[in-house]
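Take a look at the letters that make up each chain.
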Amino acid sequence: MGPDEHDELTAAAIARLAGVGRAAVANWRRRYPEFPDPVGGSPHSPTFSRAEVEAWLTETGKGDQLATAGRTDTGTQRVGDLSSFQGGRLDNEIRRALAQTPESSIADLTPDQLLAKVIVSLLPQSTTVAHAAGADDGVSVVLDPACFNATLLMAVADRFGDSVKLAGQEIKESAAAVAAFNLRSNYLGVPYEIHTGDSLLDNQLDEYRGTAAAVVCEPPFDIPQWPSSELVTDPRWEFGIPAPRESELVWVQHCYAHLRPRGVAVVAVTSRTCVQASGQHVRAALVRSGVLRDVIALPKGMGSVPATDICLWVLQRPYGTPDHQAVRMVDLSELGDAADVPQEFAVWQRLLADADPTISRAVPRLELLDNDVNLLPSRYITPRSTASPDDFAQVTRRLEALYTRVGQGLPCFATPTAPPRYSYVAIGELERAGALTIRSRDDTPRAGDLLVRTLGRPPAIATGTNEDDTGIAQVVEIDATRLDANFLAAFLRADASTLPVANTLGALSRDDLRRCRVPRLPLAEQRRYGDAFRHLRQLKDLLAGLAKTSAHVIDQTMYGLTTGVLAPDFTVMKNTDQARAADEETREL
């Protein structure tokens, strides 16, 4: 008989026992051969002996991690006691940070976590090599000067483990506290330090200037202004002084200033920074110097600011004489799913090695320096064209056939033998007779209900779909054995258009609706009108859809002309008389 189930622990239970995340346990199993072997469970969910795990935690000191979290290997306290925040009570922001699960699937990652994995995946493996000038106790240093809640630094720890040391600075004390807690709860044996203060005015990472193996950064995009008047003579602006509202170019140079020779910085910038005229001189200097190596356009929605177009600038400090090889432009902005962006260094290498001209291109620096030093990758990438001239011709022929069929289906109504003489009945009278019921506008419409709309839109018949929920002013339930819904909607539209609407919704009030009148007709006659109205409404919807499709085809045809898929030679109607007649009829309409 195997051990009692209470003497077996899953990886998640070990994490809870040690006060770490599940990712830490997985890292221990990979890095330490002496970690206890599984005693049960399955290959995907193994279990371990509690006694063996507790002995290993005691022997290695891993069980004391919470007590020593936040300290470096030398025992120096890097983050102050967080009891100073909220009088010793954790605020809601920190509680949320503690509740986060460090081991998540790609689908569970937030946009900023996904961006962090992508940024860190661009760092070369040489980041872990300690250089004499940049080593601290034999460990390379990776910085984030705008670390916020340490999302980027945690991604660095997940990739490189304790072969690097992490250092970050955050201007907000509460965010710095969250960063410290996140690094503690995701502790993988990585020494770290978090500082509080303004990185530009009070650079507490200055001791690492020129020595950091790598710098990763997502600058605060919502603060475009930087203290230019106070820092105008700062030596960090090696590539030129940015304009007062070009703070992203300030952060780019701030990050670069901390790199050691061959060190790499990956900085997120908005697409505006790639083209803004006021930053042209700084971009030109970065290109001319050979420092800028790659520009990668990412899909919309990545990062901490929603709906922001982000590009990654990869910079490397040269060792000795800088080379001036071409800048690699990579355009991933059209990816349908941001999770498809590479998140491993080897995948990036394969993508760049494939040299798909619709994704990446090595652009000579002289070409980039032309005109306005535009660094948007889309300007230099060959557009992906999935359509051929035959495809365009086929779509055009199909549209021509559709228009012919629609024209043949246009109705031609008969002339009445005598002018109709209607007697009218008010909606309110039909309501009292029980032929219809005006329900609350908050009621969920059911298929067949009459919907009175806001903003002057015509009445419509409910279809039982989500489209019914748009702009409802009144919901009218109809007794189908006494009234035809399409008949009522059409004649109500005609009568309602003559009434003044005083409310801001541009819709009939319930009292106004009750005053509206419709012809008093037998149900069979109502249905004749209703069938005609329904046919015309469907025809109108069809023509509207056809017009939208035609406009899209024309736009795509223009795109085909501008990208060289099509040549500007075209033909029109071969029958000149037919074309002239159609043109004259159109003008008359």
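Residues numbered from 1 in each chain as written. Predicted model: local features only at pLDDT ≥ 70, side-chain atom pairs only at ≥ 80, totals over all residues. Heavy atoms only, no water.

When helices and strands are tallied, the protein chain shows 20 helices and 18 strands. Relative to its full complement of 589 residues, the protein chain shows a buried share of 41%. In the protein chain, 73% of the contacts between residues at least 6 apart in sequence involve partners at least 24 apart. Accessible area of the protein chain: about 31400 Å², with a carbon and sulfur share of 52%. (Helix = DSSP H or I, 4+ residues; strand = E, 2+ residues; numbered from the N terminus. Buried < 20%, exposed > 50% of the residue type's maximum accessible area, 1.4 Å probe, protein only. Contact = heavy atoms within 4.5 Å. Areas by Shrake-Rupley, 256 points an atom, 1.4 Å probe, with all protein chains shown as cover.)

It is worth spelling out the packing of aromatic side chains at this point. For the structure shown, the criterion picks out 13 aromatic pairs. One aromatic cluster is present, built from ring pairs that chain together Tyr422, Tyr424, Phe487, Phe491, Tyr529 and Phe533. One cation-aromatic arrangement involves Arg184 over Phe181; the distance from NZ or CZ to the ring centre is 5.6 Å. (Phe/Tyr/Trp six-rings, centres within 6.5 Å; stacked < 30°, edge-to-face > 60°. Lys NZ or Arg CZ within 6 Å of the ring centre and 35° of its normal.)

Taken residue by residue, the protein chain gives an average pLDDT of 81. The fraction at 70 or more is 83%. Contacts of residues 1-5 to residues separated by more than four positions or lying in other chains number one contact, the stretch itself having pLDDT below 50. (pLDDT = per-residue confidence, 0-100.)

Their axes nearest at 9 Å, the elements helix α6 (residues 111-121) and helix α7 (residues 151-160) cross at an angle of 50°. Considering the angle they form, α6 stands oblique to α7. Relative to α7, the crossing made by α6 is right-handed. Touching Asp112, Gln113, Ala116, Lys117, Ile119, Val120 and Ser121 of α6 are Thr151, Leu152, Ala155, Val156, Arg159 and Phe160, all from α7. Grouping the amino acids of the contact of α6 with α7 by side-chain chemistry returns seven nonpolar, three polar and three charged. (Axes fitted to C-alpha atoms, helices over the stretch in contact; angles between N-to-C directions. Parallel < 35°, antiparallel > 145°, perpendicular 65-115°, else oblique. Left-handed = near helix turned anticlockwise from the far one by under 90°. Nonpolar A, V, L, I, M, F, W, Y, C, P; charged D, E, K, R; others polar.)

On to the nonpolar core, then. Generally speaking, nonpolar side chains in soluble globular proteins are found buried as a group. Residues Leu166, Leu298 and Leu312 are the most contacted members of the largest nonpolar core, which totals 48 residues. Tallying contributions element by element places α7 first for this core, with seven residues. When residues no more than four places from it in sequence are discounted, the contact partners of Leu166 are Val142, Leu153, Val156, Ala157, Leu183, Val190, Pro191, Tyr192 and Glu193. Counting 45 residues, the second largest nonpolar core, distinct from the first, contains Leu205, Val250, Leu259 and Tyr380. (Core = buried A, V, L, I, M, F, W, Y, C linked by side-chain atoms within 4.5 Å.)

Right, let's get into the sheet that holds strand β12 (residues 360-363). Spatially, nine strands are ordered β6-β5-β4-β7-β8-β10-β9-β11-β12 in an open sheet, and the strand pairing comes out mixed. Among the strands making up the open sheet, the edge pair consists of β6 (192-196) and β12. The mean angle between the axes of side-by-side strands here comes to 15°, regardless of whether they run parallel or antiparallel. The sheet contact formed by strand β8 (residues 259-270) and strand β10 (residues 310-316) spans seven bridges and is antiparallel. Bridge pairing in β10 places Val269 opposite Cys311. Running at roughly 170° to β6, helix α8 (residues 173-185) makes contact with β5 (164-170) and β6 of the sheet. Seen against the sheet, helix α10 (residues 247-257) touches β7 (212-217), β8 and β10 and runs at an angle of roughly 160° to β8. (Pairing = 2+ DSSP bridges.)

Each strand in a sheet pairs with another by means of backbone hydrogen bonds, the pair being arranged parallel or else antiparallel. The strand order β14-β17-β15-β16 describes an open sheet built from four strands, whose pairing is antiparallel. Two strands bound the open sheet, and with one partner strand each, they are β14 (436-439) and β16 (460-461). Sheet strands touched by helix α17 (residues 485-496): β14, β15 (450-453), β16 and β17 (472-478). Its angle to β15, the strand with the most contacts, is close to 20°.

Let's shift gears to unusual backbone geometry. The phi dihedral of Phe148 is positive, around 50°, even though this residue is not glycine. If you trace the backbone, Phe148 turns up in the loop between β4 (140-144) and α7. Among the residues examined, Phe148 registers a relative accessible area of 38% and is labelled partly exposed. Of note in the backbone geometry, Ala150 takes a positive phi value of approximately 70° without being a glycine.

Our next topic: the side chain of Glu248. Mapped onto the elements of the fold, Glu248 is located in helix α10. We note that Glu248 is buried and unpaired, the nearest opposite charge coming from Arg272 at a distance of 4.1 Å. Those residues in contact with Glu248, other than ones at most four positions away along the chain, are Phe221, Val269, Thr270, Arg272 and Thr273. (Lys, Arg positive; Asp, Glu negative; His and termini not counted. Salt bridge = Lys/Arg side-chain N within 4 Å of Asp/Glu carboxyl O.)

Turning our attention to the pattern of salt bridges. Side-chain pairs of opposite charge can arise where the charged atoms are in close proximity. For the coordinates displayed, the defined rule picks out 19 salt bridges. Residues Arg534 and Asp531 are paired through a salt bridge, measuring 2.5 Å at the closest nitrogen-oxygen approach. Taken together, the positions of Arg534 and Asp531, both in helix α19 (residues 523-562) and three residues apart, correspond to about one turn of that helix. Among the residues examined, Arg534 registers a relative accessible area of 29% and is labelled partly exposed. Here Asp531 falls in the partly exposed class, since its relative accessible area comes to 41%. If you follow the salt bridges from partner to partner, you end up with Arg439, Arg446, Asp449 and Glu477 in one network.

With six of seven residues buried, β10 is to be regarded as a mostly interior element. Relative to β10, strand β9 (residues 292-297) runs antiparallel, the two sharing five bridges. The partner of Ile296 across the bridge, within β10, is Leu312.

Our focus in this paragraph is the environment of Gly448. With respect to the helices and strands, the residue Gly448 is situated in the loop between β14 and β15. When its relative accessible area of 32% is taken as the criterion, Gly448 is described as partly exposed. Not counting the four nearest positions on each side in its chain, Gly448 is found in contact with Ile461, Ala462, Ile478 and Ala485.

To continue, consider the state of the cysteines. Per the stated rule, a full pass over the model turns up zero disulfides. Lacking any disulfide linkage, Cys217 is separated from the closest cysteine sulfur, that of Cys255, by 4.0 Å. For Cys217, a relative accessible area of 0% puts it in the buried group. (Disulfide = S-S within 2.5 Å.)

With that settled, the discussion passes to α10. The buried fraction of α10 amounts to 11 of the 11 residues, a majority that puts the element mostly inside the structure. Of all the positions in α10, only Ser247, Glu248, Leu249, Val250, Trp251, Val252, Gln253, His254, Cys255, Tyr256 and Ala257 are classed as buried. Residues of α10 that are buried sit in contact with β7, β8, α11 (271-275), α12 (280-289) and β10.

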